[in-house]
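Residue-level structural notes
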Amino acid sequence: MTTRLLTGATGFVGGAVVLELLDKTDDPVIALVRGKDDAEATQRLHDTLSAMADGYGRSDLHPEILRRTVAVHGDMTVDGCGADLSAVPPVDEVWHCAASLRYEEEYRTEIEAQNVQGTANVLELARKVGARTFNYVSTAYVAGSRTDLITEGPVTDPSVANNCYEQTKMRAEALVEEAAGDLRIRILRPTVVIGHSVTRHGLNWSGLYGFARQVLVFKKTASRKLGTFLSHARVRLLADPDTVVNLVPVDIVARNAVAISLSDSPETYFHLGNSDGPKVRDMVTQIFELLGLREPLWVDDRDGFTAIDEALDGGMNFYRSYLRYNKRFDLTNTAAICGPDASYAPTGEQELAEYLLYYLRTLRGFEENSGTERVVHPVAA
């Protein structure tokens, strides 16, 4: 029997990993969860995992959630993670899935506390409980502004980071790498994580969904001044329409991550991505269409931007690197364990619409495009 301790078990990827472990093993899972005491933390864990299992069509896992998962209350941002593990059995393997997904410079202190100091604290906790293995869920976007083929290997140039989030994940990876002398480490790098590949259910609405939300906010704000003008005009978008966006369903991330953890592979770095993906043109056009907007005008500089174009551009800072830097994520190490087809999930027009509508229908103010006939204007002005 292998006993595992996880952080981030109530989060999007971490929760999916727990469900996958329950499905693929007979082992217990201990989660570090915030709460006033262990009972409250365990109740939160069980409620979250049960709702997630329902959303993923895996209600059959409810008994295993109750039988094999338990939480210890704690906080990874404080020394010792604020956890009393005296009653916990020896831990064989630690999964560090928790992280801040914020990227704004104004939140740097908070982001560093969670992503850098938090990782240092969880590494120390792993040593304290005698763990032999440390699985760290990072991000494929430690690649920063690099383009073309991104290999499964260490970060060699931290200066390529696009934002505070990427910087802190690079620093956290470095801490994990330094621990390789006394822990068996694996660094797992998901790309842009989206909802479940079958049910489309999600939990953390960032990435693709955050971009769609930003466009919806732009439309609602502009519509208060311009009425229906934006349903007819085309705004300019600073992006490369031929860049490929690597979108990977959360269940595929979890399935491959657990398969890697159960393998005897000597490799350290693994991309958890999709072997295929839509181009920016396809993704953005689908989002705009669902929101009742025309395909944008693709531009490579801000010359000629109108006030409307600038209003859209102002919300694109975080997403810019995803819209302009074409990356192909090497999946060699992952494929060697999981198989060449394990990282494929279709993300064509129909699939994208399903993922997006699952989320957009939860938002106040979203009205599905009725398909009314448009008066075509060449550009927003």
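What you see is a predicted model; the values in this text were computed from it and never measured.

Criteria and cut-off values
Residues numbered from 1 in each chain as written. Predicted model: local features only at pLDDT ≥ 70, side-chain atom pairs only at ≥ 80, totals over all residues. Heavy atoms only, no water. Helix = DSSP H or I, 4+ residues; strand = E, 2+ residues; numbered from the N terminus. Rg over C-alpha atoms; globule rule 2.2 N^0.38 Å. Buried < 20%, exposed > 50% of the residue type's maximum accessible area, 1.4 Å probe, protein only. Contact = heavy atoms within 4.5 Å. Expected span 1.5 Å × (residues − 1). Bend = angle between axes of the 7 residues up to and from the residue. Patch = residues over 30% accessible without salt bridge, like charges linked within 9 Å, V, L, I, M, F, W, Y side chains within 5 Å. Areas by Shrake-Rupley, 256 points an atom, 1.4 Å probe, with all protein chains shown as cover. Salt bridge = Lys/Arg side-chain N within 4 Å of Asp/Glu carboxyl O. Lys, Arg positive; Asp, Glu negative; His and termini not counted. Charge placed at Lys NZ, Arg CZ, Asp CG, Glu CD. Phe/Tyr/Trp six-rings, centres within 6.5 Å; stacked < 30°, edge-to-face > 60°. Axes fitted to C-alpha atoms, helices over the stretch in contact; angles between N-to-C directions. Parallel < 35°, antiparallel > 145°, perpendicular 65-115°, else oblique. Left-handed = near helix turned anticlockwise from the far one by under 90°. Nonpolar A, V, L, I, M, F, W, Y, C, P; charged D, E, K, R; others polar. Pairing = 2+ DSSP bridges. Right-handed = clockwise from strand over helix to strand, strands pointing away.

1. A look at the overall build of the protein chain
Assigned secondary structure in the protein chain consists of twelve helices and 13 strands. The globule rule puts the C-alpha radius of gyration for 381 residues at 21 Å, and the 21 Å found for the protein chain is close to it. Expressed as lengths along the three principal axes of its C-alpha atoms, the size of the protein chain is roughly 70 × 45 × 40 Å. Classification of the 381 residues of the protein chain by burial places 55% in the buried group. Counted over contacts in the protein chain with a minimum sequence separation of 6, partners at least 24 positions apart contribute 82%.

2. Structural notes on helix H4 (residues 108-128)
Over its 21 residues, H4 runs 29 Å from end to end, which matches the ideal 30 Å to within 8%, given 1.5 Å per residue. Bending of H4 peaks at approximately 35 degrees at the position of Gly 118. Summarising the contacts, the buried residues of H4 are in contact with strand E1 (4-7), strand E4 (93-96), strand E5 (133-137) and helix H5 (164-178). Gly 130 lies just past H4 and shows a positive phi near 80 degrees.

3. Brief notes about a positive patch on the surface
Side chains of Lys 220, Arg 224, Lys 225 and Arg 364 sit close together on the surface and give a patch of like positive charge. Note that Arg 364 resides in the segment after helix H12 (349-360).

4. Examining the packing of aromatic side chains
One pass over the structure, following the stated rule, counts ten aromatic pairs. Among the aromatic residues, those joined into a ring-pair cluster are Tyr 103, Tyr 141, Phe 211, Phe 318, Tyr 319, Tyr 322 and Phe 329.

5. So, the packing of H4 against H5
Put simply, H4 and H5 touch, their axes get as near as 9 Å, and they point 15 degrees apart. Judged on the interaxial angle alone, H5 and H4 are roughly parallel. The hand of the H4/H5 crossing is right-handed. Contacts from Arg 108, Ile 111, Glu 112, Asn 115, Val 116, Thr 119, Ala 120 and Leu 123 in H4 reach Cys 164, Tyr 165, Gln 167, Thr 168, Lys 169, Arg 171, Ala 172, Leu 175 and Val 176 in H5. Partitioned by chemical class, the residues of the contact of H4 with H5 number nine nonpolar, four polar and four charged.

6. Section: the pairing of E4
Burial along E4 is two-sided: Glu 93 and Trp 95 and Val 94 and His 96, pointing in opposite directions, are all buried. Two elements, E4 and E5, share four bridges in a ladder whose sense is parallel. Each bridged residue has a counterpart across the sheet, and for Glu 93 the counterpart in E5 is Thr 133. At this point the chain moves from E4, through H4, to the parallel E5, and the crossover so formed is right-handed.

7. Concerning the sheet that holds strand E7 (residues 184-190)
Taken together, the seven strands give an open sheet; going across it, the order is E3-E2-E1-E4-E5-E7-E11, and neighbouring strands pair in parallel fashion. One side of each edge strand has no neighbouring strand; the edge strands of this open sheet are strand E3 (69-73) and strand E11 (269-272). The average undirected angle you get between the axes of adjacent strands in this sheet is 20 degrees. Its contacts with the sheet place helix H2 (residues 38-55) against strand E2 (29-33) and E3, and it is angled at close to 135 degrees to E3.

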